[in-house]
Amino acid sequence: MRNAFLIIGVCLSAVLFSCKKDKETDQSTEAEKSNLADSTLIADRGWPREAENNGTKLVYYQPQIDDWKDFKEIIARVAFSLTPKDGKQVLGVASLKAETLVDKDNRSAFIKNIQVTDIRFPALDKKKVPEMEKLFKETLPKSGDPISVDRILADLSHTKSPSKGIAAKNDPPTIFYSTNPAILLIVQGEPVLVPVEKTDIQYVVNTNWDLFFDKTTKDYYVLVENIWLTSKNLAGKWTKTTKLPSGLSHLPSGQNFDDVKKMIPPPSSGGAPEVFYSNKPAELIAINGSPKFVKIPGTKLLYIDNTENDIFADENKGQYYVLLSGRWFKSKELTGPWSYASNSLPADFAKIPKDSPRANVLSSVPGTQEANDAVMLSQVPTTAILKKSDAESKVKVSYDGGTPQFKPIDGTKMQYASNTQEKIIKVGDLYYLCFQAVWFMSTSPNGPWKTCDSVPKEIYTIPPSSPVYNVTYVTQTTTDTTVESSATAGYLGAFIIGATFGAILTYGTGWYYPPYVYYGGLYPIYRPWPYAYGGGAVYNPWTGGYAAGRRVYGPYGAAGTSAWYNPATGRYGRSASVQGWYGGRTAASTYNPWTGNYARTNQGHNAYAQWGHSAATNGNQWIQTGHITTRRGTAIGYETSSGNKGVITHRRGGGTTIHTNNNVYAGHDGHVYKRDANGNWSHYNNGNGGWTQAGTLGSSKKTGEGIQNRANQGLGANGAGERIQRDNQGLGANGAGERMQRDNQDLGGETRMGDGMRDDFPKADQTLGQPNKPLGEAGRPDITNDLDRSAISRDRGEMQTRNFQNFQRSGGFNGGGFGGGGFRGGGGFRGRR
């Protein structure tokens, strides 16, 4: 039946690569709605799941993840029930190994190339084991089954240690302070002026605001939302003006000046904000009037409510703390001076309630579950599989001035190209190019470029002090015809800092890389390198990365993302974007200095946009998805670039996802376990084919005594038990808390296991993963302790998955406004933004 469904390719993200006029907003809005509808179809729809093959029915429960090697290969255990056609139901435990492809947009991992490495049937006659093993392997889907990344990470949070942080530079930037309306005007170095055709007006490209210069009067003009300000000196006093030079009335259309033209002539209403100027990356603490402090219950902390910044006061130490680009800085006064504090944050920060208006900062508090999640998610790669010939045909490299110029990479014998936007590394006599997160090599800096079968180990020793450090987060493997690229968070600017068990995810390395400017052509060419501060970077736990943009920082987020030069057209592009480490939402063309990309879209983009396809994470680079709905339900088809195809069915009233309990687990000892509503464990009895009643296992305890008190020690002040009861109120009828209480009473319905089954067969002399070791006594403390952790993780993963899907259904990034520079409101970041 599965083969009868059509495989329909759906483009999930329409990405354009040009500098032509943007499409109408309503078209992009409709496309975004369509993308959202499509993306929900390939999401994790819950567990357990059902598969059928020639009359054999398999119900398999949520995998328990033991390892995610390099975040590409999963090692897992699965509890299951198998009912042969016209046969009796049997229970078992399987050990699996599978490859994963991660769709970051939907936070889903697609399982492919599943290998069953071990199967145990604790209550089955040995003579029947080979037959049941064969049926299980034939019925279990081999590929295409999506599982939420949140479920995987929840399992791994107990076993996988985060990576050690990089050698970041954590000196505080210049931090301005204001209680009046204010903006932060950043111009990196001297202003780079580009003429506006047929006028005496020039515009400044290396800045984060709409900044112009009148050559006739030598005056600067800056547009701040609907107010025009003027000054003779960038660092001088700015005053409001309603008189503009005539040249501003002749700004060209189609070059992202349309919003500026709407403010000409200037409106007369509105007050002038204060302007803080800096010629290098800086930050601004802007408070709307006198600070209004709000007490955080259960702590000695207060936060300032009337600001877009994350600012706290500690009553114990008399210190202020501010979070900037994922780093904490402290001071005795709000006006400074500030010093780095992330490694000495008061313990009360970890006690901030998860429903607090400032709970978002928990992702940046060392040792919290949220911080661990952020660090672990940052190591999950974005994967793209491309044909070598296609990749090589897209590579284009140009050098300002025509002749390649190289600079040394400190601490190494390598060099990097300084007069191009591309990341080119010279290693010995060879040249390596990281273009759109794919590695190429050549014997000449001008090409031709061929995909690399291997990348020199020296490249991965490039230090964070180098502007090309981000390429060390890109790896790849190849076949004769394809290249599979993997890029993690560092490629797009999010880096781990801190000790292994106090690590946090930050934006930028903290090192300042001065921009490159070339004045040899018709227009000066400005090449910004990425930097950590000045963009109002905010971490979004749902996207797993940082986005730039607060109202006081300007419509272009940061000077590093404000403009770029296109040698092919001789024109500059300008952007109004919200950047995330694997992509962003964009109102116009955008430049990402972390990757060197420029692309154009009204929907979304990522590092692979220039290949002319949809986003590689969920487009036709490695997986095409589609659906066909009939009166019988919906089928989701997939096709990988390697040619593997399949269909995942969702029948109305049931189907792939069995809407019942998910409380059956695979023990490391090869036994099948289930948990009752009180948190007690039972095992499937290997002597009589039934369940040993809860409470007879020596280590089983009530929820309050066992699971919550023991397993929640690593979950912070609010453990999963309390969290589920509180947070799942808004998750609908199938929330994890309600689901636990309702479904764990019995296995019920089609998936009832063990009732009436009495197969008095001898136990199998096997233990999961160790075929020659006898099956141990069920319910040992080490096993039930591990099961307790699995239960906590499963509940937390369920909650996180549903919260993300609610966020996705609510519109995700929609709700913020780009005009005036704010990524504010709705949007999923924070309500006050």
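Heads up: the structure comes first, above all this text.
Residues numbered from 1 in each chain as written. Predicted model: local features only at pLDDT ≥ 70, side-chain atom pairs only at ≥ 80, totals over all residues. Heavy atoms only, no water.

(A) Inspection of the packing of aromatic side chains at higher detail. This model, assessed by the stated rule, comprises 21 aromatic pairs. Summarising the aromatic geometry, the rings of phenylalanine 312 and phenylalanine 349 are spaced 5.3 Å apart at their centres and angled 70° between planes, so their arrangement reads as edge-to-face. Residue phenylalanine 312 is found in strand S20 (residues 310-314), and its partner phenylalanine 349 is found in the loop between strand S23 (339-340) and helix H5 (369-378); the two are separated by 37 residues along the sequence. For phenylalanine 349, a relative accessible area of 0% translates into the label buried. Taken together, a centroid distance of 5.5 Å and an interplanar angle of 65° make the contact between tyrosine 473 and phenylalanine 495 edge-to-face. Residue tyrosine 473 is located in the loop between strand S30 (450-451) and strand S31 (474-478), and its partner phenylalanine 495 is located in strand S33 (residues 494-497); the two are separated by 22 residues in the primary sequence. A connected cluster of aromatic rings, assembled from ring pairs, spans Phe312, Tyr321, Trp328 and Phe349. (Phe/Tyr/Trp six-rings, centres within 6.5 Å; stacked < 30°, edge-to-face > 60°. Helix = DSSP H or I, 4+ residues; strand = E, 2+ residues; numbered from the N terminus. Buried < 20%, exposed > 50% of the residue type's maximum accessible area, 1.4 Å probe, protein only.)

(B) Quick look at the sheet that holds strand S28 (residues 430-435). Overall, antiparallel pairing links the 6 strands, which are arranged S25-S26-S27-S28-S29-S30 in an open sheet. Lying at the two open borders of the sheet, with one neighbouring strand each, are strand S25 (406-408) and S30. Both S25 and strand S26 (residues 415-417) contribute to a ladder of 3 bridges, which runs antiparallel. If you follow lysine 407 over to S26, its bridge partner there is tyrosine 416. (Pairing = 2+ DSSP bridges.)

(C) A look at the pattern of salt bridges. All told, the structure shown has 22 salt bridges when counted by the stated rule. A salt bridge links aspartate 305 to arginine 358, with the nearest nitrogen and oxygen atoms 3.9 Å apart. Pair noted here: aspartate 305 is in the loop between strand S19 (301-304) and S20 and arginine 358 is in the loop between S23 and H5, with a separation of 53 residues, a long-range link. When its relative accessible area of 38% is taken as the criterion, aspartate 305 is described as partly exposed. Note that glutamate 392 is salt-bridged to lysine 450, the shortest N-O span being 3.7 Å. With a gap of 58 residues between them, glutamate 392 in helix H6 (residues 388-394) and lysine 450 in strand S30 connect regions that are remote in the sequence. One salt-bridge network, in which partners are shared between bridges, spans Asp66, Arg77, Asp786 and Arg789. (Salt bridge = Lys/Arg side-chain N within 4 Å of Asp/Glu carboxyl O.)

(D) Highlighting the pairing of S20. Buried residues dominate S20, accounting for 5 of its 5 residues. Bridge count between S19 and S20: 3 bridges; the pairing is antiparallel. The residue of S20 that forms the bridge with leucine 301 is aspartate 314. Where S19 hands over to S20, the hairpin turn is made up of 5 residues, counted between the paired strands. In this sheet, strand S21 (residues 319-324) lies alongside S20 in antiparallel orientation, the contact comprising 5 bridges. For aspartate 314, the partnering residue across the bridge sits in S21 and is glutamine 319. Adjacent in sequence and paired antiparallel, S20 and S21 are bridged by 4 residues, among which glycine 318 carries a positive phi angle near 65°.

Functional significance is not addressed by these values, which are geometric in nature.
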